Amino acid sequence: GDATPAATADRYAGAGAAMVVVKNGPGPVHLREGGTTAQIVPPPAPRVVDTTAAGDSFNARVLVGRLRGEPPADATAAACALAGRVIGERGALAPV
């Protein structure tokens, strides 16, 4: 019921989440960590074939990036790029 993705990020941060990433389809991803906010604009997907596993791939890439020590914005940008590749293929896997 939140009016905007930013409101969703605010709500989760207000509930105590240390890091919040709110996707919005092809729109900007809203990122909050501590007192820092950012919007990451995903690159346009060259083609959309199948959205299966796009969200799972996005989430996994954000988490892997953070575990590797990447800054939140970098991990989120990489996740956007990966999701863009995944939706360009049939099924839940994109070629490595």
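Source: prediction; values computed, not measured.

Now, about helix H2 (residues 54-67): what can you tell me, with residues and values included?
Along its 14 residues, H2 runs 20 Å from first to last C-alpha, staying within 8% of the 20 Å computed at 1.5 Å per residue. Taken together, the buried positions of H2 are Ala 54, Ser 57, Phe 58, Arg 61, Val 62 and Gly 65. In an axial view of H2, the angular spread of the buried residues amounts to 135°, which keeps them on one side of the axis. Residues of H2 that are exposed and point more than 90 degrees away from the buried face comprise Asp 56, Leu 63 and Leu 67. Tucked inside the fold, the buried residues of H2 contact strand E1 (19-22), strand E2 (29-33) and helix H3 (72-86). In the stretch just after H2, Gly 69 is the one whose phi turns positive, near 90°.

Give me the lowdown on the side chain of His 30, citing residues and values where you can.
Turning to its location among the elements, His 30 is positioned in strand E2. A residue is classified by how much of its surface remains accessible, and His 30, at 13% relative accessible area, is buried. Excluding its chain neighbours within four sequence positions, the residues that come into contact with His 30 are Pro 5, Ala 6, Val 20, Val 21, Val 22, Ala 38 and Gln 39.

Definitions and cut-offs
Residues numbered from 1 in each chain as written. Predicted model: local features only at pLDDT ≥ 70, side-chain atom pairs only at ≥ 80, totals over all residues. Heavy atoms only, no water. Helix = DSSP H or I, 4+ residues; strand = E, 2+ residues; numbered from the N terminus. Expected span 1.5 Å × (residues − 1). Buried < 20%, exposed > 50% of the residue type's maximum accessible area, 1.4 Å probe, protein only. Arc of directions from axis to C-beta. Contact = heavy atoms within 4.5 Å.

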